[in-house]
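A look at the structure
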Amino acid sequence: MTSILITDDEKDIRELIGDILKDEGYVVRLAANSDECMAEINAEPPALMILDIWLKDSRMDGIDILKTVKRDNPDIPVVIISGHGNIEIAVAAIKQGAYDFIEKPFNIDQLMVVVSRAMEASRLRRENADLRRRDGASAEMLGSSTAFRALKAQLEKVTKSNGRVMLAGPAGSGKEMAARFIHTHSNRAGAPFVSVSSATVEPDRMEEVLFGRETAERGVEKGLLEQAHGGVVYFDEVADMPLGTQSKILRVLTEQQFMRVGGTDKVRVDLRVISSTTRDLRAEIAAGRFRQELYDRLNVVPIAVPSLEERREDIPELTRHFIDLFHRSQGLPNRSLTPEAEAMLQTMSWPGNVRQLRNVIERVLILGDSSGAIEPRELPGQESAGDGGARLVLGGTMATLPLREAREVFEREYLLTQINRFGGNISRTAGFVGMERSALHRKLKSLGVVTTTKGQGRADEDDGEEE
């Protein structure tokens, strides 16, 4: 949308204006009547229109075209020109949304000033729209753990293509953040990112919400798919999409076009589709709740988004990021973490993943009565711990064991917790617990701990160097 469309029934006038604008470095398109004008707009919306009010042998005059443009493409500035200009026509054009009005014969310098200002206004509107789309939706991804680095490497690969991506992972793990990362680092970064909450699109309203509608009273109301044209549409929790909706989405993905409700013309869209799910879609297909054909269309590039459990090493960095974020956005205290609080965060259970961690940090900053470092007693589940530290309360089974067996149980659980905390890195675990690496290996073996690359006790047997 960088060209100027000139519509005038007088060939000499439109070519004269076109040549002047070309000399100034603008890209120009010409139309002699309303049909040619609307065809040019439908092919590619211009950045600016220069439009004659009186058009011979046309179905629509300039005011009619102006109304249509402002209804369907309100961001396009329109400069009206006329050889029959008067105050009434100028006022009517401005009321209908014209950027400015110029009488024929016009002064070239005056025309160039108006064109320059209108193009600048168009550019600023586009930039503001981009900023609004990105506001509050940062695509910054943080972490240094092995699981996170593997995820980011996969995301960086898919940014270079237009392939459809399926993001799978537990709730709160950051699937939408991953989708926004793909968008922000792709060649579609300047185009919209539109998120569709699959569960909220009811079958009876799906066509209006996704495809838009046309009515005489309200004109064209663009749906979400049309709003995403040129960019990315993100189907959040696609497994929640009703079966009726699935079949219609499948048709759009196949044909790349649709008709608005109440409309007669087909609307073509250029979209990249990214989807996410917390469920096993193959199981959903087997249960008859998800269409195999849609799965095949969406699951071109499957990417697993790890849980926070799988990337505990990233918790301190994520925590510091959230503290800084809330400090800047809400004015909450910019507090640090004590080493004990950091260790506690890394060993806590996080069923809500990164989203839960964010909520916990916001809660601590809001309710905290101090601007000093965050302490373990301020974290959920630790509020009753005294200043002297938390007292270990033995469970029923533990309390019945002899000292030697109880010690082994404690050592096993303690070491598993630390291994989890450091992402399976035996060297870092050994350094923290105060043991030689070889001694830690022997201890783990004596306790029957099998180190793997997943789940509790995961460790890389060859991770001699710190990551």
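Residues numbered from 1 in each chain as written. Predicted model: local features only at pLDDT ≥ 70, side-chain atom pairs only at ≥ 80, totals over all residues. Heavy atoms only, no water.

Every α-helix carries 3.6 residues per turn, so stepping three or four residues along brings you back to the same face. Here helix H1 (residues 11-23) is 13 residues long and its end C-alpha atoms lie 18 Å apart, about the 18 Å a rise of 1.5 Å per residue gives. Where H1 is concerned, the buried positions are Ile 13, Arg 14, Ile 17, Gly 18, Ile 20 and Leu 21. One side of H1 carries all its buried residues, which in axial view fall inside an arc of 165 degrees. Summarising the geometry of H1, the exposed residues directed more than 90 degrees from the buried face are Asp 12 and Asp 23. Phi turns positive, to about 95 degrees, at Gly 25, one or two residues after H1. (Helix = DSSP H or I, 4+ residues; strand = E, 2+ residues; numbered from the N terminus. Expected span 1.5 Å × (residues − 1). Buried < 20%, exposed > 50% of the residue type's maximum accessible area, 1.4 Å probe, protein only. Arc of directions from axis to C-beta.)

Here the focus is the sheet that holds strand S1 (residues 3-7). Neighbouring strands of a sheet are bound in pairs by backbone hydrogen bonds; such pairs are parallel or else antiparallel. Strands sit in the order S2-S1-S3-S4-S5 across an open sheet of five strands; the sheet is parallel. Each end of this open sheet is capped by a strand with a single partner; those strands are strand S2 (27-31) and strand S5 (100-103). Across this sheet, the average inter-strand angle for adjacent strands is 20 degrees, counted without regard to direction. One ladder, built from four bridges, connects S1 with strand S3 (residues 48-52); its direction is parallel. Within S3, the position partnered with Thr 7 by the bridge is Leu 51. Contacting S1, S2, S3 and strand S4 (78-82), H1 runs over the sheet at an angle of about 170 degrees to S2. (Pairing = 2+ DSSP bridges. Axes fitted to C-alpha atoms, helices over the stretch in contact; angles between N-to-C directions. Contact = heavy atoms within 4.5 Å.)

Where like charges cluster on the molecular surface, the negative patch consists of Asp 12, Glu 15, Asp 19, Asp 23 and Glu 24. Considering the arrangement of structural elements, one finds Glu 15 in helix H1. Glu 15 gets classed as partly exposed once you look at its relative accessible area, which sits at 33%. (Patch = residues over 30% accessible without salt bridge, like charges linked within 9 Å, V, L, I, M, F, W, Y side chains within 5 Å. Areas by Shrake-Rupley, 256 points an atom, 1.4 Å probe, with all protein chains shown as cover. Salt bridge = Lys/Arg side-chain N within 4 Å of Asp/Glu carboxyl O. Lys, Arg positive; Asp, Glu negative; His and termini not counted. Charge placed at Lys NZ, Arg CZ, Asp CG, Glu CD.)

All chains considered together, the criterion is met by 18 salt bridges. The shortest N-O distance in the salt bridge between Glu 226 and Arg 260 comes to 2.7 Å. Taken together, the positions of Glu 226 in helix H9 (residues 224-227) and Arg 260 in the loop between strand S11 (257-259) and strand S12 (266-268) put the pair 34 residues apart, joining distant regions of the chain. Arg 260 gets classed as buried once you look at its relative accessible area, which sits at 14%. Because the salt bridges share partners, they merge into one network encompassing Asp 240, Arg 279, Glu 284 and Arg 289.

The subject of this paragraph is the packing of helix H2 (residues 34-43) against helix H3 (residues 62-72). How two helices sit against one another is set out by the angle between their axes and by the gap between those axes. Contact pair H2 / H3: the axes reach a minimum separation of 11 Å and the direction vectors enclose 15 degrees. Relative to H3, the element H2 is oriented roughly parallel. Crossing of H2 against H3: the hand is right-handed. When H2 is examined against H3, the residues Ser 34, Cys 37, Met 38 and Ile 41 are found in contact with a partner set consisting of Ile 65, Thr 68 and Val 69. Across the contact of H2 with H3, the residue classes break down as five nonpolar, two polar and no charged. (Parallel < 35°, antiparallel > 145°, perpendicular 65-115°, else oblique. Left-handed = near helix turned anticlockwise from the far one by under 90°. Nonpolar A, V, L, I, M, F, W, Y, C, P; charged D, E, K, R; others polar.)

Let us now look at empty space enclosed by the protein. Under the criterion given, the structure shown has one cavity of 30 Å³ or more. Counted as a void, the largest cavity has a volume near 30 Å³. What lines the largest cavity is simply Leu 225, Val 233, Phe 235, Ile 249, Val 252, Leu 253, Leu 271 and Val 273. For the lining of the largest cavity, the secondary structure elements donating two or more residues are strand S10 (232-236) and helix H10 (243-255). When residues of the lining of the largest cavity are assigned to their parent elements, the largest contribution, three residues, is made by H10. (1 Å grid on protein atoms, 1.4 Å probe; cavity = no way out; pocket = protein on both sides within 12 Å on 5 of 7 lines; lining within 4 Å. Points joined across faces, edges and corners; volume = space filled by probe spheres on them.)

With that out of the way, let us pick up the packing of aromatic side chains. Per the stated rule, a full pass over the model turns up two aromatic pairs. Considering the side-chain rings of Phe 211 and Phe 258, the 4.9 Å spacing of their centres and the 20 degrees angle between planes classify their relative orientation as stacked. One end of the pair, Phe 211, is in helix H8 (residues 206-211); the other, Phe 258, is in strand S11, with 47 residues separating them in the sequence. The two residues Phe 211 and Phe 258 agree in class, both being buried. (Phe/Tyr/Trp six-rings, centres within 6.5 Å; stacked < 30°, edge-to-face > 60°.)

With that settled, consider a nonpolar patch on the surface. Taken together, the side chains of Phe 410, Tyr 414 and Phe 432 make up a nonpolar region of the molecular surface, amounting to roughly 290 Å² of accessible area. Residue placement: Tyr 414 occurs in helix H17 (residues 403-421).

Let us now look at the packing of helix H18 (residues 426-433) against helix H19 (residues 437-446). H19 packs onto H18 with a crossing angle of 95 degrees between their chain directions and a minimal axis gap of 9 Å. Relative to H19, H18 is oriented roughly perpendicular. Of H19, the residues touching H18 (which contributes Ile 426, Ser 427, Thr 429 and Ala 430) are Arg 437, Leu 440, His 441 and Leu 444. Residues belonging to the contact of H18 with H19 are distributed by class as follows: four nonpolar, three polar and one charged.

Counting residues in each nonpolar core, the largest one holds 29 residues, and the members touching the most others are Leu 210, Leu 225, Val 233, Phe 235, Val 238, Phe 290 and Leu 298. In terms of residues, this core owes the most to one element, H10, which gives four residues. Setting aside anything within four residues of it in sequence, one finds Phe 235 in contact with Val 196, Ser 198, Leu 225, Met 241, Ile 249, Val 273, Ile 274, Ser 275 and Ser 276. Within the second largest apolar cluster, 22 residues are counted, among which are Met 38, Ile 41, Leu 51 and Ile 53. (Core = buried A, V, L, I, M, F, W, Y, C linked by side-chain atoms within 4.5 Å.)

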